[in-house]
Amino acid sequence: MTCHIFDSFRWCLNTGVIMIDQFNQLEPGEIETMFKVPILVSILIAGADNNIDNAEMKKAVSISKLKQQKARKDLIEYYKIVGSDFEDKLKILIQHYPVDAEDRNPQIVEELQKVNHILPKLDKNFAVDFYQSIRDIARKVAEASGGVLGYMAVGYEESKFVGLDMINDPSN
């Protein structure tokens with residue numbers, strides 16, 4: 001499935017300018033995958049229990065805004081692109097996947113596994129920072145509506161995915 005929903009990404013392809021230096025050696029499809037990862041992680045975790053609720057959506061959008069300013073230094077530009085119209089991108093991408101988590105989650109896991117072939121092509125420090133950052137997103141989205149009284153705990157279904165085990169840790 002190819003889903004070109006990123007205006008900044010489309011601009012980069014049309015002009016031949018890639019705004020993330022780390023991505024200069026990547027193919028267009030790999031760049032698009034990298035730009036989609038935070039959204040895919042958000043959908044996977046928020047929808048793991050078959051219910052993408054407002055708290056999880058709001059948390060994902062909030063994280064995307066925060067990461068534009070408070071991410072690791074080498075990820076700030078990346079998150080500025082990803083975070084631009086994040087909520088719209090999230091809603092659009094959700095529509096490209098099945099409604100039922102049982103059907104949706106394997107497709108998203110397969111998409112996220114593509115990152116395993118991309119991270120080794122990037123600077124190791126960038127790859128490690130990126131990996132830690134998306135795991136942080138997963139944890140925060142999972143905590144948005146899980147646990148006792150829906151606060152600061154991870155529900156059972158989210159716990160299956162929150163570690164993002166489908167993506168290899170580039171620090172190893």
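Scroll up a little and you will see the structure.
Residues numbered from 1 in each chain as written. Predicted model: local features only at pLDDT ≥ 70, side-chain atom pairs only at ≥ 80, totals over all residues. Heavy atoms only, no water.

Draft legend 1. Molecular detail of the overall build of the chain. For the chain, the helix and strand inventory stands at 9 helices and 0 strands. Ordering the α and β elements of the chain from the N terminus gives α-α-α-α-α-α-α-α-α. Burial analysis of the chain (172 residues in total) assigns 50% to the buried set. Residue pairs at least 24 apart in sequence account for 75% of intrachain contacts in the chain once pairs closer than 6 positions are excluded. Roughly 8,700 Å² of accessible area belongs to the chain as shown, and the carbon and sulfur atoms make up 48% of that amount. (Helix = DSSP H or I, 4+ residues; strand = E, 2+ residues; numbered from the N terminus. Buried < 20%, exposed > 50% of the residue type's maximum accessible area, 1.4 Å probe, protein only. Contact = heavy atoms within 4.5 Å. Areas by Shrake-Rupley, 256 points an atom, 1.4 Å probe, with all protein chains shown as cover.)

Draft legend 2. Spatial organisation of the packing of helix α2 (residues 28–46) against helix α4 (residues 76–83). Viewed as axis vectors pointing N to C, α2 and α4 meet at an angle of 70 degrees, and their least axial separation amounts to 10 Å. Considered as vectors, α2 and α4 are oriented roughly perpendicular to each other. Across the interface between the two elements, Met34, Phe35, Val37 and Pro38 from α2 touch Tyr78, Tyr79, Ile81 and Val82 from α4. The residue makeup of the contact of α2 with α4, split by class, is 8 nonpolar, no polar and no charged. (Axes fitted to C-alpha atoms, helices over the stretch in contact; angles between N-to-C directions. Parallel < 35°, antiparallel > 145°, perpendicular 65-115°, else oblique. Nonpolar A, V, L, I, M, F, W, Y, C, P; charged D, E, K, R; others polar.)

Draft legend 3. Spotlight on the packing of helix α3 (residues 54–70) against helix α8 (residues 124–143). Contact pair α3 / α8: the axes reach a minimum separation of 9 Å and the direction vectors enclose 150 degrees. Taken as a pair, α3 and α8 cross one another with a handedness that is right-handed. Across the interface between the two elements, Glu56, Lys59, Ala60, Ile63 and Lys67 from α3 touch Ser133, Asp136, Ile137, Lys140 and Val141 from α8. Looking at the contact of α3 with α8 residue by residue, the class counts come to 4 nonpolar, 1 polar and 5 charged. (Left-handed = near helix turned anticlockwise from the far one by under 90°.)

Draft legend 4. Spatial organisation of unusual backbone geometry. At Asn50, a position not held by glycine, the phi torsion is positive, near 75 degrees. Residue placement: Asn50 occurs in the loop between α2 and α3. For Asn50, a relative accessible area of 41% translates into the label partly exposed. Its identity as a non-glycine residue notwithstanding, Asp85 has a phi of 55 degrees, on the positive side.

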